Amino acid sequence: KYTGLVRLAACNLAVVALYFVPPVFLRVTGRFTTLVKVNLIRLPIQIGMNVLFLVHFHLGPASIFLGTLIANLIIGGLMSVMVFREVGVAFDKGVAKDLYRYGAPLIVTQFATFILTYGDRPFLRVVTDLTSVGLYTMAYSFAFLLATLAQTPFDLVWEPKKFEIAKRPDRDGIYARVFVYQNVTLLTLAVAMSLFVHGVLR
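Numbering of residues begins from 1 in every chain and follows the order in which that chain's sequence is written. The predicted origin of the model limits local features to residues at a pLDDT of at least 70 and limits the giving and counting of side-chain atom pairs to 80 or more, whereas totals for whole chains, interfaces and linings rest on all residues. Hydrogen atoms and water are omitted, and side-chain values are computed over all heavy atoms in the structure.

K.L.:
What is the right way to look at the overall build of the protein in this model?
P.N.:
Along the backbone of the protein there are nine helices and zero strands. Numbering of helices and strands runs from the N terminus; a helix is a DSSP stretch of H or I covering at least four residues, while a strand is a stretch of E covering at least two. For the protein, the sequential pattern of α-helices and β-strands runs α-α-α-α-α-α-α-α-α. By principal-axis analysis of the C-alpha atoms, the protein measures approximately 55 × 45 × 30 Å. Any two residues whose heavy atoms approach within 4.5 Å at even a single point are treated as in contact. Look at the contacts in the protein between residues 6 or more apart in sequence, and 65% of them connect residues 24 or more apart. In these tables, accessible area is a Shrake-Rupley quantity obtained with a 1.4 Å probe, and a residue counts as shielded only by the protein chains included in the view. Looking at the protein as shown, the accessible area adds up to about 14,300 Å², and 72% of this sits on carbon and sulfur atoms. In summary, the charge assignment counts Lys and Arg as positive and Asp and Glu as negative, without counting His or the chain termini. The atoms used to mark charge sites are NZ of Lys, CZ of Arg, CG of Asp and CD of Glu. Distance between charge centres in the protein, computed from 19 positive and 10 negative side chains, equals 6 Å.

What follows is the structure, encoded as structure tokens:
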């Protein structure tokens, strides 16, 4: 009876590919502000669609998949069109080989992260009902706000810059300070969310 949900989830996995390359292109070309704006726009669209389908159309669990699908199609589609207009379409076997060799460990890491993040859902479904799993998943989405508001904008700028800083003689001190500042910010926001999320949701 969940075949439709599985199909929607599969569509999401396919469509999210539109969102992979454009952010990298924006970072390489130094358009960090545009990238942060896009990420901040995507989240309200996704949450808005989720609430619309869940509250107004009463689509149940499908609401989450449809909301995410629409957000990925809108933002990913627009960003992909922008990239194709600027760089065109081409394929280089040598570059592809280098990328896969460099990215192989990262693929394993991402797979493990996916299992760590979402692997508890099937077990929860066994010990509780689907409504509880849905509420848990929705709460999990709010927890991702920490990464969206604090971690992601920082990473968009830091990832390309850290390679430039690596060539400087004072790189160790810079890396140490960035590590401390980043974690202080994340911990502060995490505590703030824990203290005030109940009132905000109400």
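Once the structure has been displayed, the description carries forward.
K.L.:
How should the packing of aromatic side chains be read in this particular structure?
P.N.:
Each aromatic ring pair is characterised by the separation of its centres together with the angle its planes make. Stacked, tilted and edge-to-face are the three classes assigned to paired rings of Phe, Tyr and Trp, where Trp is represented by its six-membered ring and a pair needs centres within 6.5 Å; plane angles under 30 degrees give stacked, over 60 edge-to-face, the rest tilted. For the coordinates displayed, the defined rule picks out four aromatic pairs. With 5.7 Å between their ring centres and 85° between their planes, tryptophan 158 and tyrosine 175 make a pair best called edge-to-face. Of this pair, tryptophan 158 sits in helix H8 (residues 145–165) while tyrosine 175 sits in helix H9 (residues 171–201), placing them 17 residues apart in sequence. Burial status follows relative accessibility: with a 1.4 Å probe on protein chains alone, a residue under 20% of its type maximum counts as buried, one over 50% as exposed, and anything between as partly exposed. Classification of tryptophan 158 by relative accessible area gives buried; the value is 16%. By the ring-pair criterion, three or more aromatic residues cluster together here, those being Phe154, Trp158 and Tyr175.

K.L.:
Explain helix H1 (residues 3–15) here, please?
P.N.:
Structurally, the α-helix is built with 3.6 residues per turn, so residues lying three or four positions apart point the same way. The span you would expect from a helix comes to 1.5 Å times its residue count less one. Under the 1.5 Å per step criterion, the end-to-end length of H1 is 19 Å for 13 residues, consistent within 8% with the ideal 18 Å. All of the buried residues in H1 are Leu8, Asn12 and Val15. Projected down its long axis, H1 carries its buried residues within an arc of 70°, all on one side. In H1, the exposed residues that point more than 90 degrees away from the buried face are Val6, Arg7, Leu13 and Ala14. Looking at the buried residues of H1, the elements they touch are helix H4 (62–87). By definition, the arc is the one covered by directions from the helix axis to the C-beta atoms.

K.L.:
Just to check I follow, could you spell out the environment of serine 80 for this structure?
P.N.:
Along the chain, serine 80 turns up in helix H4. Residue class for serine 80 comes out buried when judged on its relative accessible area of 10%. Residues serine 80 and valine 21 lie 59 residues apart in sequence; the distance between their C-alpha atoms is 7.8 Å. Discounting chain neighbours no more than four positions away, the residues touching serine 80 are Leu18 and Pro22.

K.L.:
Help me out: how do you make sense of the side chain of asparagine 39 in this one?
P.N.:
Within the secondary structure, asparagine 39 sits in helix H3 (residues 32–56). We classify asparagine 39 as buried; its relative accessible area is 15%. Side-chain polar atoms of asparagine 39 contact the backbone oxygen of leucine 35, separated by 2.9 Å. Excluding anything up to four places from it in sequence, asparagine 39 contacts Tyr19, Thr152 and Leu156. As used in this structure description, the phrase polar contact means that two N or O atoms lie within 3.5 Å; if the pair is within protein, one of them must be able to donate a hydrogen and the other to accept it, and residues adjacent in sequence are counted only when both atoms belong to side chains.

K.L.:
Would you take a moment to explain a nonpolar patch on the surface for this structure?
P.N.:
Within this analysis, patches are made of residues with over 30% relative accessible area and no salt bridge. Like charges are joined at 9 Å or less; nonpolar side chains (Val, Leu, Ile, Met, Phe, Trp, Tyr) at 5 Å or less. For salt bridges, the criterion is a side-chain nitrogen of Lys or Arg within 4 Å of an Asp or Glu carboxyl oxygen. Together, Ile47, Val51, Leu54, Val55 and Met138 give the surface a local cluster of nonpolar side chains, amounting to about 400 Å² of exposed area. Ranked by the residues each element gives to the nonpolar patch, the list is headed by H3, at four residues.

K.L.:
Looking at this structure, how should I read the nonpolar core?
P.N.:
Soluble globular proteins: nonpolar side chains tend toward being buried together. As used here, the term nonpolar core means buried Ala, Val, Leu, Ile, Met, Phe, Trp, Tyr and Cys residues forming a set that is joined through side-chain atoms within 4.5 Å. Core analysis: the largest hydrophobic core is formed by seven residues, namely Tyr19, Leu26, Leu35, Val38, Ile75, Met79 and Leu156. Broken down by secondary-structure element, the contributors of at least two residues to this core are H3 and H4. Apart from residues lying up to four places away in sequence, methionine 79 is in contact with Tyr19, Pro22, Pro23, Leu26, Leu35 and Val38.

K.L.:
How do you make sense of the packing of H1 against H4 when you look at a structure like this?
P.N.:
Axes are the key here: two packed helices are described by the angle between their axes and the distance separating the axes. Lines fitted to the C-alpha atoms define the axes, with helices restricted to the stretch that makes contact. Angles between their N-to-C directions range from 0 to 180 degrees. Between H1 and H4, whose axes approach to 9 Å, the crossing angle comes to 20°. In terms of axis orientation, H1 runs roughly parallel to H4. Relative to H4, H1 is oriented so that their crossing is left-handed. Contacts between H1 and H4 involve Leu5, Leu8, Ala9, Cys11, Asn12 and Val15 from the former and Ala62, Phe65, Leu66, Thr68, Leu69, Asn72 and Leu73 from the latter. Its residues assigned to classes, the contact of H1 with H4 shows 10 nonpolar, three polar and no charged. Should an angle lie under 35 degrees it is considered roughly parallel, over 145 roughly antiparallel, and from 65 to 115 roughly perpendicular; all remaining angles are considered oblique. In this scheme the crossing of two helices becomes right-handed for a clockwise turn of the near helix relative to the far one and left-handed for an anticlockwise turn of less than a right angle. In this classification, Asp, Glu, Lys and Arg are treated as charged, Ala, Val, Leu, Ile, Met, Phe, Trp, Tyr, Cys and Pro as nonpolar, and every other residue, Gly included, as polar.

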